[in-house]
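Geometric and topological summary
Listed below, chain by chain, are the residues.
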Amino acid sequence: IDAIDRYIDQRPLLEILRSGVTGVRTQAGAQARVGGLGSFLRLHPTRPLEEVVLLEDCCLSATAGVTRGGRGQDIFERMSEIDRLIADLKQGNSYLIAKNEYKHELGEWQKKMAQKQKELEDGFKKAKKDREKEEADAKTKGKEFKDKEYKEDNKPTEPKFEEEGEVLARVVSGQIPLVVEAHRNAELRALLEGTKEFPRLRLVLAGGSDALTVADELVERSIPVLIWPVTAAATLDNSAERPREFRRADLGLASRLTEAGVEVLLGSGGANSTGSRDLPVLAALAIGNGLDRQIAFQALTLGAAQAVDVADRLGTVEVGKDADILVLDGEPLSTTTRVRHVVVAGDLVWSAQ
């Protein structure tokens, strides 16, 4: 969210709106090993930032085994990145355990203090006499008087605050999803194996060129796959120059995954600032290669909203939700259908001439 600038050229925003896209997940460090917290924005050209930001922290993103700066990685580097990601999650889990233990110990300590306070109040007179006697005895013997220390007086020590630990703790506890871009079979299997010990983790696999090889486990663990049809289309045009992890990308992957029972989401891949305007075309490519039209529609609406925790406000047209609505002149996601009007948060923000 810190990277959002509302004072840049608004024309790309209007291009995205006219394509029918009304909300996006924004992510800094798209190719970083850990890309930080992503935000979810509604695309409204005039409302202030606080009104367009629906979630400042809709996910944590990471990548493993991707090409960076034109340089690919060998199998050892790719596995090392998975290992480091799992180590980060373990660090977050340890931090979470320490916080929970502190919370429990603090609660027990407070109970003991309350009980001791009650005991002291109930026996105040006797306690006062006993104390005066002990003070007098100490003075007679020329010794220093000291109050008795009770074991329960030792207040538990709160764990040291760690900014990264706070975020990772939220991830392993399932408060926010973890979106990991990984493509090849080796990384996918290592990622799934390494995350088994975190039962509450909400994993979203992004890219997933070889996701079909692990489809059974994806179904069993209810892990959705965010597919970028643009990578498959570009691979067909010039496969020799594409990063290795995309060379087995296939426009029919979305269809085959859904046939295997995997939940599919559709995205633009974040390659450029206007990539989201191509989402309807990318969806049409997937549909043309076997993806059911209704499933594609779900992937771009309610499915996407559920994945990033904004389904209470977006994703369907119903009473109580925000009025983000498109008026079309044909069937949704058809290549011949045009967007006539775009309503965002109840405001008409674009209309066709």
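Residues numbered from 1 in each chain as written. Predicted model: local features only at pLDDT ≥ 70, side-chain atom pairs only at ≥ 80, totals over all residues. Heavy atoms only, no water.

1. Topic: the overall build of the protein
This is how it is decided: Only DSSP runs of H or I reaching four residues or more are called helices, and only runs of E reaching two or more are called strands; each is numbered from the N terminus. With a 1.4 Å probe rolled over the protein chains alone, any residue whose accessible area is under 20% of its type maximum counts as buried; one over 50% counts as exposed, and the rest are partly exposed. In this description, contact between two residues means that some pair of their heavy atoms is separated by no more than 4.5 Å.
When helices and strands are tallied, the protein shows 12 helices and 10 strands. Here the protein, with 353 residues, has 40% of them falling under the buried criterion. A fraction of 63% describes how many contacts in the protein between residues 6 or more apart in sequence connect residues 24 or more apart.

2. Quick notes on helix α1 (residues 11-18)
Note the threshold: This arc is taken over the directions from the axis of the helix to the C-beta atoms.
When α1 is considered as a whole, its buried residues turn out to be L13, I16 and L17. Buried residues in α1, looked at end-on, bunch into an arc of 100°, giving them a common side. The secondary structure elements touched by the buried residues of α1 are β9 (339-344) and β10 (347-351).

3. Describing the pairing of strand β3 (residues 53-63)
To keep it simple, the criterion reads: When DSSP finds two or more bridges between two strands, those strands count as paired.
Counting buried positions along β3 gives eight out of 11 residues, so the element sits mostly inside the fold. Bridge analysis of strand β2 (residues 34-42) against β3 gives six bridges, and the strand direction is antiparallel. Bridging across to β3, L41 finds its partner in V53. When β3 meets strand β4 (residues 178-182), the two strands line up parallel, connected through four bridges. Opposite S61, over in β4, you have V179 as the bridge partner.

4. Quick look at the pattern of salt bridges
Working definition: two side chains of opposite charge can pair if their charged atoms are close together. For clarity, the threshold we go by: Within this document, salt bridges are pairs made up of a side-chain nitrogen of Lys or Arg and a carboxyl oxygen of Asp or Glu, the two lying within 4 Å of each other.
In total, this model carries 24 salt bridges according to the counting rule given. When the shortest N-O distance is used, the salt bridge between R68 and E81 registers 2.7 Å. Here R68 is found in the loop between β3 and α3 (75-122), whereas its partner E81 is found in helix α3, with 13 residues between them in sequence. Looking at E81, the relative accessible area reads 8%, which means it is buried. With its nearest N and O atoms 2.6 Å apart, the salt bridge here joins R202 to D309. On the criterion of sequence distance, the pair formed by R202 in the loop between α6 (185-194) and β5 (203-207) and D309 in the loop between α12 (302-307) and β8 (325-328) is long-range, its members being 107 residues apart. On the basis of relative accessible area, R202 is assigned to the partly exposed category, the value being 26%. Each member of the salt-bridge network shares a partner with another, and the members are R42, R313, D322 and D324.

5. Thoughts on the environment of S173
Put simply, the test is: Nitrogen and oxygen atoms within 3.5 Å of one another constitute a polar contact, given that in protein one can donate a hydrogen and the other can accept it, and given that sequence-neighbouring residues count only through two side-chain atoms.
Mapped onto the fold, S173 is located in the loop between α5 (163-172) and β4. Residue classification places S173 among the buried positions, given a relative accessible area of 18%. Not counting the four nearest positions on each side in its chain, S173 is found in contact with L96 and R200. A polar contact is formed between the side chain of S173 and the backbone oxygen of A169, at a distance of 2.9 Å.

6. Brief notes about the nonpolar core
How we decide: What makes a nonpolar core is a set of buried Ala, Val, Leu, Ile, Met, Phe, Trp, Tyr and Cys residues whose side-chain atoms join them at distances within 4.5 Å.
With 45 residues, the main nonpolar core has L205 and L218 as its most contacted residues. Looking at which element gives the most residues to this core, the answer is α3, with six residues. Look past the residues within four positions of L205 in its chain and what remains in contact with it is V180, A182, L188, L191, A211, L218, I223, P224, V225 and L226.

7. As for the pairing of β9
With four bridges connecting them, β8 and β9 associate as antiparallel partners. Paired with I325 across the two strands is V343, which belongs to β9. Looking at chain direction, β9 and β10 are connected through four bridges and run antiparallel. The residue of β10 that forms the bridge with H341 is S351. Where β9 folds back on β10, the antiparallel hairpin that results is connected by two residues, among which A345 adopts a positive phi of roughly 50°.

8. A short note on the confidence of the model for the protein
Definition in use: What pLDDT expresses is the predictor's confidence in each residue, scored from 0 to 100.
Residues with a pLDDT of 70 or more make up 87% of the protein, whose mean pLDDT is 87. The least confident element of the protein is helix α8 (residues 229-237), whose mean pLDDT is 58; the most confident is helix α7 (residues 215-220), at 97.

9. With respect to unusual backbone geometry
Most peptide bonds take the trans form, and the phi angle of most residues other than glycine is negative. Despite not being glycine, S222 has its phi angle at roughly 55°, a positive value. Position of S222 relative to the elements: it lies in the loop between α7 and β6 (225-227). The exposure class assigned to S222 is exposed, which follows from its relative accessible area of 60%. Its identity is not glycine, yet D309 carries a phi of approximately 65°, on the positive side.

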